[in-house]
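Architecture at a glance
Read off the chains here:
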Amino acid sequence: MNNKQLVSLMDQMTLDEKIGQLMQLATPFYKGSANQGQITGPMVGMGINDDVVRNSGSVLGASGANEVISIQQAHISENRLGIPLLVMSDIVHGYKTIFPVPLAIGCSWDLELAEKSAEIAAKEAAVSGVHVTFAPMVDLVRDPRWGRVMESTGEDSYLNSQFAKAQVRGFQGSDLTNDYDRVASCVKHFAAYGAPEGGRDYNTVNMSERELRDSYLPAYKAALDAGSEMVMTAFNTVDGIPATGNKQLMRDLLRDEWNFDGVIISDWGAVKELIPHGVAENEKEAALKALTAGVDIEMMTACYVKNLKELVDNGDIEEELLNESVLRILQLKQKLGLFDNPYRGANEQLEKDIVMSEAHRQVSRELASKSAVLLKNDDVLPLQKEQKVALIGPFADNNDILGPWSWLGSKDEAITMNEGLKMKVNASNFTVSKGCDIETSDDRQLTEALQVAKDADVVVLALGEDSEMSGEAGSLTDIRLPQVQLDLIRKVKELDKPMVSVLFNGRPLDLHGVMEHSNAVLEAWYPGTEGGAAIADLIFGDANPSGKLTMSFPYSVGQVPVYYNNFNTGRPKGAPDAQERYVSQYLDSPNEPLFPFGYGLSYTTFTYNNARLSAAEMTADRPITMKVSVKNTGNTAGEETVQLYIRDLVGEVVRPLKELKGFVKIHLQPEEEKEVTFTISEEELRYHHANLEFSSDPGKFIAYIGSNSRDVQAIPFELLK
Ligand code: BGC
């Protein structure tokens, strides 16, 4: 169908049918057969009848070729004009083959693998009948108390933008209309959902428009530039107005300024939440505000279907405005080929063949291995296969390692650490004991674990948070490991054995009680389906850790938010040990995080030599290059992520101490040296001025190059007019 035909299809629709296209309902609504206007099952809670279901435009959470085909078949036969449903689902870090959580994927700094993982997720989802994924989530995050930091790639807007693009490319491919094995992407949560006050989910977001534009918006924009077909609104307010009723965000910015012509969907229930937010008195006003502000599809509340007709009849909403939303939805259906084939990629046989295939699992294993971050290593890792290992802790044989937002992933298929070790070393060489549960323990567990530890050469402690402790509505004020696990570490340490802690969790933690007792610490995150295998590869040296943090690990929760690209203040603290009073500092803690952005160790060492700029001055027409030679000075092949940061020394508004402007991953054999080149152009030096103009200021800058945001070499340069 061409656009004209879509318009003529829309012209045949009644007002109710048009409004129906704007309704998204979850799968259970489609499971009953049509019963002539009755209100039954889940419809009762929402107060809608099955006419609404019959007219609805999209379904949330359907999966599996069989289920999708039967829902679609029934829908087409019951919908008067036979308009197919869009099938949307949260395929966030894998469909059934689960990849590490996005925060971990960020730590890989590996855009190619991230794209590959999104492509695999899309392929598995597409053959299972899904048309649109609610991903990528690109909210910038600086507060580890917020449980959803695990869904983001981290605290930096440049890095997040690169991952946003990679993921959209992976999900959508280059020809969504013809590639039935890809899915459309819906970037979320627009906007700034990652900055809730106090890290409490759904809480207020307050920031200047300048900060919003400088730090928070670029990743959404990057996803749209990469072609993301949809945008999901956020639950939070932005400058006092809920994002889901926010005209400035949707009509002014997304539509008018960015020219986004795809579909905007609310987050789950967010239209009706305009009432408790306190900007709408009732569902009718919520519907009026959301549609006027720009929300096309209302997810899982019924303000639109119950009120839009009256609002149009009364003249409060122009039918033309409604038509625009309907047409956008029909256009997306058209783009996905649904008018030609409403089942699109759904194919039971292919589903059996490719979902959780060995090839997909291998990519997951590789990504898990590249996502883990080695935080400390006092020469205990890698372990020797002959060493007698005690594997202790609540994650020693725990398959809760897929992480939140992996709803179709099967824990039963996940490889635990115990299973990973079994694949690698002789069973007689290691013993497993739990020691404690995630948050509770009993004496018997502890006694057994200590006995096992006593008999071993080295202890590997597998610790962490269960997956319910992060994710949506998983905010915490205390981000240390649960006390029983800290007790376990302390008790085991008393045996004076070399001790390696492996952490499975969804947020940066306060590692007091872990660092001081462990000889090595490996942050494994929630590593996904192949987690245990990947971690075994790393701890026995069959893979070399290369992950680097993309979110700072605070020294303690009291510092939060703590992130690398902060301001200097008017009273910067001098040397860390300087005895000063009236400077910007804590009396009881360092200012710096425990581990900075970009940090991560390897089993080998890299030296940075001959860092240099091609010239000390540049202009808008004459960019400069930064070069550095990086050498592997250890005995093991390894991967290093070379990072370029820039500081603008004097701006019209205060500029961050450092901003990531580029990174390159290189693989080096022992003794091998490679030269890395970055181009610094005027574009990289732009920022939003007080009047929101995006431009650069001539003047002095510093380029920093190094292996993390702290350990860098600095070279000054100047931007001339
Ligand atoms: C989450 C979204 C998700 C949606 C649909 C909401 O609760 O905030 O990220 O896409 O549910 O499952």
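Residue indices begin from 1 for each chain and proceed along its sequence in written order. Whole-chain, interface and lining totals are the exception, using all residues; otherwise, since this is a predicted model, local features are given only for residues with pLDDT of at least 70 and side-chain atom pairs are given and counted only at 80 or more. Working from all heavy atoms in the structure, the side-chain values ignore hydrogens and water.

Our focus in this paragraph is the sheet that holds strand β15 (residues 499-504). Note: strands within a sheet are paired through backbone hydrogen bonds, in either parallel or antiparallel orientation. At least two DSSP bridges between two strands are required for those strands to pair. Secondary structure elements are taken from DSSP: a helix is a run of H or I of four residues or more, a strand is a run of E of two residues or more, and numbering for both begins at the N terminus. Read from one edge to the other, the open sheet built from six strands follows the order β11-β16-β15-β14-β12-β13, with strand pairing classed as mixed. In the strand order of this sheet, the two ends are held by β11 (373-377) and β13 (430-433), each with one partner. Strand-to-strand twist across the sheet, computed as the mean angle between neighbouring axes with direction ignored, equals 15°. Alignment of strand β12 (residues 389-392) against strand β14 (residues 458-464), held across four bridges, turns out to be parallel. Paired with I392 across the two strands is L461, which belongs to β14. Two residues form a contact once any of their heavy atoms are found within 4.5 Å. Angles run from 0 to 180 degrees between N-to-C directions of axes, and those axes are lines fitted to C-alpha atoms, restricted for helices to the stretch in contact. Set on the sheet, helix α19 (residues 443-454) makes contact with β12, β13 and β14; between it and β13 the angle comes to about 165°.

Only protein chains enter the accessibility calculation, which uses a 1.4 Å probe. A residue is then buried if its area is under 20% of the maximum for its type, exposed if over 50%, and partly exposed in between. Extensive coverage of strand β5 (residues 184-190) is indicated by the burial of seven of its seven residues. Note: strand β4 (residues 132-133) against β5, two bridges, orientation parallel. In the strand pairing of β5, V132 is matched with A184. Traced from β4 through helix α8 (residues 157-172) to β5, the parallel crossover comes out right-handed. With the strands aimed away from the viewer, a crossover counts as right-handed if its path from the first strand over the helix to the second runs clockwise.

Turning to helix α21 (residues 531-539), a few remarks are in order. Within α21, nine of the nine residues are buried, which leaves the element mostly enclosed by the surrounding structure. Among all positions in α21, only G531, G532, A533, A534, I535, A536, D537, L538 and I539 are buried. Where α21 is buried, its residues contact α17 (358-371), α18 (417-422), β14, β15 and β16 (520-523). Within two residues after α21, G541 carries a phi angle of roughly 80°, on the positive side.

All right, on to the layout of surface pockets then. One simple way to see leftover space: roll a probe sized like a water molecule over the atoms. Considering only enclosed or pocket space, the second largest pocket measures out at about 360 Å³ in volume. Lining the second largest pocket are 18 residues, and of these G600, L601, S602, T604 and T605 sit closest to its centre. Here the term charged refers only to Asp, Glu, Lys and Arg, the term nonpolar to Ala, Val, Leu, Ile, Met, Phe, Trp, Tyr, Cys and Pro, and the term polar to all other amino acids, Gly among them. For the lining of the second largest pocket, the class distribution of residues is six nonpolar, eight polar and four charged. Domain assignment of the residues forming the lining of the second largest pocket places at least three in each of domain 1 (355-539) and domain 2 (604-719). We place a 1 Å grid over just the protein atoms. Points where a 1.4 Å probe fits but has no way out form a cavity, open points with protein on both sides within 12 Å along at least 5 of 7 lines form a pocket, and any residue with an atom within 4 Å of a point lines it. Grid points are joined across faces, edges and corners, and a volume is the space filled by probe spheres set on the points. These domain boundaries are the output of an automatic or database domain assignment.

This part is about the environment of S89. Checked against the element boundaries, S89 lands in strand β3 (residues 86-89). In this structure, the C-alpha to C-alpha distance between S89 and A135, residues 46 residues apart in sequence, is 9.0 Å. For S89, the contacting residues outside a window of four places in its chain are G61, A62, V130, V132, T133, F134 and W407.

It is worth stressing that arrangement in space is one thing and function is another; only the former is reported here.
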